[in-house]
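Remarks on the overall topology
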Amino acid sequence: MNTSTLIQKVWNFCHTLRDDGVGYGDYLEQLTYLLFLKMAHEYAREPYNRNTRIPKRHDWASLRSKTGEPLEAHYLATLHKLGQGTGMLGAIFFKAQNKIQDPAKLSRLVQMIDEQSWVGMDADTKGDLYEGLLQKNAEDTKSGAGQYFTPRPIIQAMVECLRPAPGKTIADPACGTGGFFLGAYNWLTRPGAKLDKRQKEFLRDATFQGNEIVPNTRRLCLMNLFLHNIGELEGEPAVDRSDALIAEPKAKVDYVLANPPFGKKSSMTITNEEGEEDRDALTYERQDFWETTSNKQLNFLQHIVSMLKVNGKAAVVLPDNVLFEGGAGEKIRRKLLDTCDVHTILRLPTGIFYAQGVKANVVFFDNAPKDGRVHTKGVWFYDLRTNKHFTLKTRTLKHDDLQDFIASYHPDNRHERKESERFKYYRYEDLIARDKASLDIFWLKDESLDNLDDLPAPDVLQQEIIEHLEAALLAFRDVAASLPKSAPAAT
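Residues numbered from 1 in each chain as written. Predicted model: local features only at pLDDT ≥ 70, side-chain atom pairs only at ≥ 80, totals over all residues. Heavy atoms only, no water.

In plain terms, the rule: UniProt positions are given in the numbering used here, feature names are shortened, and annotations may be inferred rather than shown by experiment.
As recorded by an unreviewed UniProt entry, the protein chain carries the name site-specific DNA-methyltransferase (adenine-specific) and is attributed to Variovorax paradoxus. Check the Catalytic activity (unreviewed entry) section of the UniProt entry for the protein chain; it says "a 2'-deoxyadenosine in DNA + S-adenosyl-L-methionine = an N(6)-methyl-2'-deoxyadenosine in DNA + S-adenosyl-L-homocysteine + H(+)". As stated in UniProt under Sequence similarities (unreviewed entry), the record for the protein chain gives "Belongs to the N(4)/N(6)-methyltransferase family."

1. Quick notes on unusual backbone geometry
Formally: Helix and strand definitions follow DSSP, with helices as H or I runs of at least four residues and strands as E runs of at least two, each counted in order from the N terminus.
The amide bond that connects Glu46 to the next residue, Pro47, takes the cis arrangement and shows omega of 0°. Position of Pro47 among the secondary structure elements: in the loop between α2 (24-43) and α3 (60-64). A positive phi angle, near 70°, is found at Asn311, a position not held by glycine. By the element assignment, Asn311 lies in strand β7 (residues 308-319). One non-glycine residue, Lys436, adopts positive backbone phi at about 60°.

2. With respect to the sheet that holds strand β11 (residues 423-427)
The condition is simple: Pairing between strands is defined by DSSP: at least two bridges between the two strands are required. Any pair of residues with heavy atoms lying within 4.5 Å of one another is described as a contacting pair. Geometry is summarised by axes, namely lines fitted to C-alpha atoms with helices restricted to the contacting stretch, and by angles between N-to-C directions that run from 0 to 180 degrees.
Taking strand neighbours across the sheet as the criterion, the 9 strands line up as β3-β2-β1-β4-β7-β9-β8-β10-β11 in an open arrangement whose pairing is mixed. Each of the sheet's edge strands pairs with one partner strand only, and the pair in question is β3 (239-240) and β11. Pairing geometry for strand β4 (residues 253-258) and β7, over 5 bridges, is parallel. The residue bridging Ala258 from the neighbouring strand is Val316, located in β7. Most of the contacts of helix α9 (residues 179-188) go to strand β1 (residues 170-172), to which it runs at about 160°, and overall it touches β1, β2 (208-211), β3, β4 and β7.

3. Quick look at helix α14 (residues 328-339)
We apply this condition: Given the number of residues in a helix, its expected span is that number minus one, multiplied by 1.5 Å. Throughout this description, buried means an accessible area under 20% of the type-specific maximum (1.4 Å probe, protein chains only), exposed means over 50%, and partly exposed covers the range between.
Taking 1.5 Å of rise per residue, the 12 residues of α14 would be expected to cover 16 Å, and the 16 Å separating its terminal C-alpha atoms lies within 8% of that figure. All of the buried residues in α14 are Ala328, Gly329, Ile332, Arg333, Leu336, Leu337 and Thr339. Those residues of α14 that are buried lie in contact with α12 (296-307), α13 (321-324), β8 (341-347), β9 (360-366), β10 (378-383) and α16 (428-432).

Structure (structure tokens):
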């Protein structure tokens, strides 16, 4: 079976299951369990003969030998048993459940996976298939998976500017389904990149370090990496199932590429004796943080700084409020400008994220020695937002749309940059003199305000209106969540 036929077959079966109410996310989970078992089965045979640590009573052969209700019962038992394992095995099957209620369709899915040899398949083919399903899952707004999916052109541009080197460590404290790791992996294995044996092993086993607090998302991330030949079947997972903000990082890294979760407030849900739920603001008491705050993005920014080695480099997607917010936001910005070299901010357009109402930027900065000196000399701003119109369907953001930014960034030597219409330089002295040390800077004129004959297409305008309303709603929710709860009226 050729590649395109296989991909079409997997997609068609996904659509069949959707008719039964099985969404992309549930389909992806079941595909992950079965693919992992089938690949482990292939690795256990000639010429690999590897010890996969999967019990014979719950391996692929035992699953393949059954159909109908016996298959369903055995599948449930297998998921439960493997979820008790350690290492990569236990991580993939942690709290695994069967979401395919029709035994006949489960049998068909097992048969479809069994027909194909997966270990020998090109990593790009396996990876592209899985990435495609992840993107479809992100597009399904009901699933909420869009919050874990960063547009791939943005990731590619961030990686091309940062240019991670072989033999260096790369971290993402909120890694979702692993998009940044794969972007860096593709850069490190690009045509013309010559890695020696040691560098290849380091890339597979030691380059990537991540956190993902949601078990199902972590599972998808690990499988996504595994299908791209990152990580080992018998090894420890590269992604911890934990809240990265709880404690200081265990180890420093060379690079951080990240898009921390949207939403300003860190919170936890508390259920009282009556079964009523309430959300309490969650603050992290960390000695290494500059400020204590319940603002999630400000906490992630502080955490990312703490993760970097001296002279380590970061590229982080952050919402607009991080650039202008007062209080803890202002204090953290001033500290960041002083203790790190914040050198570039890319103002991203609206309409490119699956999570609605997001206005965001990519902030590039390098860590620096703690020597008491100010390390930011000035910041270059690239405005990709003003007079730029994108949507998720009819006018999607492409890598070509970021080519001018990458060229302006000048990855070969960022000290040889030149100003242009969209690329401007602001001195440190001028930035800290601004109200609240705001980095929320625009200089281009919005042409749509003057030229009514040259408005964007109706669908673009509609999407922009939705974005603005969603952004306002998110801001209002943050304010409402911070208000004290009123006591119930006396009766």
